[in-house]
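# Observations on the model geometry
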Amino acid sequence: MEHTYVMVKPDGVQRGIIGEVISRIEKRGLKIIAMKMHQIDEETAREHYKEHSDKPFFEPLVEYITSSPSVSMIVEGKDAIKILRSMNGATNPVEAHPGTIRGDFAIETGRNIVHASDSEETAEKEIALHFNDSEYTRYSRIDEVCLYE
Ligand code: UDP
Ligand code: MG
């Protein structure tokens, strides 16, 4: 099964949308196998967003993502990476369809509530950056027999 890294960013935590995000993931049938609330430190933020290090929004992004706690999760399921990206919606909430998290709850790109890994390679790196092995769980969800054919 595929694993992806998902974050409710500081704006999502501050605005009380943690439960909404978790609820959507659970109801979709995806399995949360690790979860924690933590304030991301500067070094970790720079590593997490290093592909954007030369962009004008990089410094404000690092400052913002470290400004208050986030909630990090590892989510497991068939095609979990693609599904979480589509559940989050477009990076710019103005372009995000209603029904997506960003399309329902956000207005500006710099305050778009959620993060999810964009590929298998990124997911592996992001999971290793934010979690250690002892933070994983392994279990079966009782509804897996109905979710998968
Ligand atoms: N971002 C921003 N301004 C921009 C583009 C991106 O503040 O013009 C922030 C935004 O929080 C976004 C993150 O940088 O979610 C990473 O950008 P990316 O293009 O990788 O979008 P994502 O993968 O989060 O959809
Ligand atoms: Mg990205």
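Remember, predicted model here, so these are calculated numbers, not experimental data. Numbering of residues starts from 1 in each chain and follows the order in which that chain's sequence is written. Here chains are named by letter from A upward and ligands by number from 1 upward, in the order in which they appear as written. Only residues with pLDDT of at least 70 get local features here, since the model is predicted, and only at 80 or more are side-chain atom pairs given and counted; chain-wide, interface and lining totals rely on the full set of residues. With hydrogens and water set aside, each side-chain value is computed from the structure's full complement of heavy atoms.

## Some points on the nonpolar core
The nonpolar side chains of soluble globular proteins are, as a tendency, buried together. The condition that has to hold: To qualify as a nonpolar core, a set must consist of buried Ala, Val, Leu, Ile, Met, Phe, Trp, Tyr and Cys residues joined through side-chain atoms within 4.5 Å. Remark: exposure states derive from per-residue accessible area (1.4 Å probe, protein chains only) relative to the maximum for the residue type, with buried under 20%, exposed over 50%, and partly exposed in between. To qualify as a helix, a DSSP run of H or I must reach at least 4 residues; to qualify as a strand, a run of E must reach at least 2; elements of each kind are numbered from the N terminus.
Within the largest apolar cluster, 22 residues are counted, with the highest numbers of intra-cluster contacts made by V21, I25, L30, M73, V75 and L84. Those elements that place two or more of their residues in this core are strand 1 (2-8), helix 2 (18-28), strand 3 (70-77), helix 5 (80-88) and strand 4 (114-116). Counting 15 residues, the second-largest nonpolar core is a separate cluster that includes I33, Y49, L61 and V62.

## Notes on helix 2
Rules: Note that the arc is computed from the directions linking the helix axis to the C-beta atoms.
If you check which residues of helix 2 are buried, you get I18, V21, I22, R24 and I25. Taken down its axis, helix 2 places every buried residue within 160 degrees of arc, on the same side. The first or second residue beyond helix 2 is G29, which carries a positive phi of 105 degrees.

## Remarks on the site of ligand 1
As a reminder, the rule being used: Think of it this way: one heavy atom of a residue within 4 Å of a molecule or strand is enough to make that residue near it. N or O atoms closer than or at 3.5 Å make up a polar contact, with two conditions inside protein: a donor-capable atom paired with an acceptor-capable one, and, for residues adjacent in sequence, both atoms drawn from side chains. Shrake-Rupley sampling with a 1.4 Å probe provides the accessible areas, and residues are treated as covered by the protein chains on show and by no other component. Buriedness of a pocket was judged along seven lines, with at least five required to meet protein on both sides within 12 Å; pockets are open sets of points on a 1 Å grid over the protein atoms alone, cavities are sets where a 1.4 Å probe fits but cannot get out, and lining residues have an atom within 4 Å of a point. To be counted as sitting in a cavity or pocket, a molecule needs more than half of its atoms within 2 Å of that site's grid points. The residue classification treats Ala, Val, Leu, Ile, Met, Phe, Trp, Tyr, Cys and Pro as nonpolar and Asp, Glu, Lys and Arg as charged. All others, Gly included, are polar.
Contacts to ligand 1 come from K9, Y49, H52, F57, L61, R85, T91, R102, T109, G110 and N112. Contact distances for ligand 1 include 2.8 Å between an oxygen atom and a side-chain N or O atom of H52. Contact distances for ligand 1 include 2.9 Å between an oxygen atom and a side-chain N or O atom of N112. Compared with its free state, where it exposes 500 Å², ligand 1 has 78% of that area covered by protein. At a threshold of 2 Å from the grid points, most atoms of ligand 1 map onto the largest pocket. Considered class by class, the residues forming the shell around ligand 1 number three nonpolar, five polar and three charged.

## Re the packing of aromatic side chains
What counts is decided by this rule: Two aromatic rings from Phe, Tyr or Trp, using only the six-membered ring of Trp, form a pair when their centres are within 6.5 Å; if the ring planes differ by under 30 degrees the pair is stacked, by over 60 it is edge-to-face, and anything between is tilted. In this scheme, the term charge over a ring applies when either NZ of a lysine or CZ of an arginine sits within 6 Å of the ring centre and within 35 degrees of the ring normal.
Under the criterion given, the structure shown has one aromatic pair. Note on Y5 and F131: the rings are 6.4 Å apart at their centroids and 70 degrees apart in plane angle, and the pair reads as edge-to-face. Here Y5 is found in strand 1, whereas its partner F131 is found in the loop between helix 7 (120-130) and helix 8 (144-147), with 126 residues between them in sequence. Taking the relative accessible area as the measure of exposure, Y5 reaches 0% and is therefore buried. Residue classification places F131 among the buried residues on the basis of a relative accessible area of 6%. K31 extends its terminal NZ or CZ atom over the ring of Y139, reaching a point 5.2 Å from the ring centre. Across from the ring centre of Y64, 4.0 Å away, lies the NZ or CZ of R111, which sits over that ring.

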